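# Structure assessment
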Amino acid sequence: MARAENKETAGPTAQLVADVARRARLKQKWTQEQLGKEIGFSAAAVSAMETNAQPASDDMLVQLERVLGDGMGVFEQARRYVRMEKYPEQFKNYALLEQDAVGLMLYATLVVHGLFQTEAYARALIGGGYPPLSDQRVEELVEARLARRALFEREPVALIELIVEEAVLTRDIGSKEVMRDQMRYLAACARRRNVTLQVLPLDCGLSGEHAGDRGDMNLVETPDHERLLFLEVQDEGLLISDPAAVSTRAQRYAKIRAQALGPRESLGLIERLAGEQE
């Protein structure tokens, strides 16, 4: 739903998209209703986009590029930056790094990592958080989170490792069906050639060691082969570039990996939770 206050808070990319789209529409001598028919949206949705009451969705940008792009690629390029503007402030810098990364090493302890979430799981998680968000903001965040999955298909390919605590897989979010679908999606991700997914078992600590007791981490290898660490705790994001600090976390990650189930065993566990194995 479009909101009047969005006109005051819309980011610069959303404002630019609105202005370029309006100018291109007028050049075609189309009404908002005519443009809406061309791109598959209502006249009200076009009006909301042009006035910044509701910034363009990713799908709308795709259609605007098709209909009004004129080979310039303006709306296509805007997709990346409009998406950035929808992320929480503490996540924006990391989101850019994630999109361009050549390698990711991820460890999730409380919920499924955002890069691996289904739409229903993400909506239940974001919509059930505190403080409560408006329905519109929930949908914006869900859309932005799902758009991150383009990394799985990107060329050149990114190598992605995820270690997830077993407790995450049995912590119900949304409903039993939401969790079953989430497990199926995790299993599908685990079968990708550029993804390695491992589960850190609940009884890991019985060996006398538990390297993952200090929480989530995101290790990023940039196109320049620089290694960075991103931590997000209680709506605060911390990006660490100090080589010594990053190296310590990378070593810890390697230890967590060694304590986790192997990829095949992890996939089997996820498939059982998804109901795909007896």
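This text goes with the structure placed above it.
Residues numbered from 1 in each chain as written. Predicted model: local features only at pLDDT ≥ 70, side-chain atom pairs only at ≥ 80, totals over all residues. Heavy atoms only, no water.

Let us look at the sheet that holds strand β4 (residues 217–221). Pairing within the open sheet is mixed, and its six strands lie in the order β3-β2-β1-β4-β5-β6. Two strands close off the open sheet at either side, each with one partner strand: β3 (195–200) and β6 (236–240). Strand-to-strand twist in this sheet, taken as the mean axis angle between neighbours without regard to direction, amounts to 15°. In this structure, strand β5 (residues 227–233) lies alongside β6, joined through five bridges in antiparallel fashion. (Pairing = 2+ DSSP bridges. Helix = DSSP H or I, 4+ residues; strand = E, 2+ residues; numbered from the N terminus. Axes fitted to C-alpha atoms, helices over the stretch in contact; angles between N-to-C directions.)

Orientation of helix α2 (residues 12–28) relative to helix α6 (residues 74–86), taken along the N-to-C sense of each, is 150°, at an axis distance of 8 Å. When the axes of α2 and α6 are compared, the pair comes out roughly antiparallel. Handedness of the crossing formed by α2 with α6: left-handed. Judged by residue contacts, P12, T13, A14, V17, V20 and A21 of α2 engage V74, F75, A78, Y81, V82 and E85 from α6. Split by residue class, the contact of α2 with α6 holds ten nonpolar, one polar and one charged. (Parallel < 35°, antiparallel > 145°, perpendicular 65-115°, else oblique. Left-handed = near helix turned anticlockwise from the far one by under 90°. Contact = heavy atoms within 4.5 Å. Nonpolar A, V, L, I, M, F, W, Y, C, P; charged D, E, K, R; others polar.)

Attention shifts here to the environment of V246. Structurally, V246 can be placed in helix α12 (residues 243–259). Given a relative accessible area of 2%, V246 falls into the buried group. Separated by 26 residues in the primary sequence, V246 and V220 place their C-alpha atoms 9.7 Å from one another. Aside from chain neighbours lying at most four places away, what touches V246 is L219, R227, L228, L229, I240 and S241. (Buried < 20%, exposed > 50% of the residue type's maximum accessible area, 1.4 Å probe, protein only.)

Two side chains that carry opposite charge are able to pair once their charged atoms sit near each other. In this structure the tally under the stated criterion is 20 salt bridges. Residue K86 pairs with E143 through a salt bridge whose shortest N-O separation is 3.4 Å. Placement of K86 in helix α6 and of E143 in helix α9 (residues 135–147) is noted, with a sequence separation of 57 residues between them. Judged by relative accessible area, K86 falls into the buried class, the value being 8%. (Salt bridge = Lys/Arg side-chain N within 4 Å of Asp/Glu carboxyl O.)

What the rule picks out here adds up to five aromatic pairs. Between the aromatic rings of Y87 and F91, the centroid separation amounts to 5.2 Å while the plane-to-plane angle is 65°, which identifies the pairing as edge-to-face. Like Y87, the residue F91 is buried in the burial classification. The interplanar angle of 15° and the centroid separation of 4.6 Å between the aromatic rings of Y94 and F230 together place this pair among those described as stacked. With Y94 in helix α7 (residues 92–100) and F230 in strand β5, the pair connects residues that are 136 residues apart, well separated along the chain. Take Y94 and F230: they sit in the same class, and that class is buried. One aromatic cluster is present, built from ring pairs that chain together Y87, F91, Y94 and F230. (Phe/Tyr/Trp six-rings, centres within 6.5 Å; stacked < 30°, edge-to-face > 60°.)

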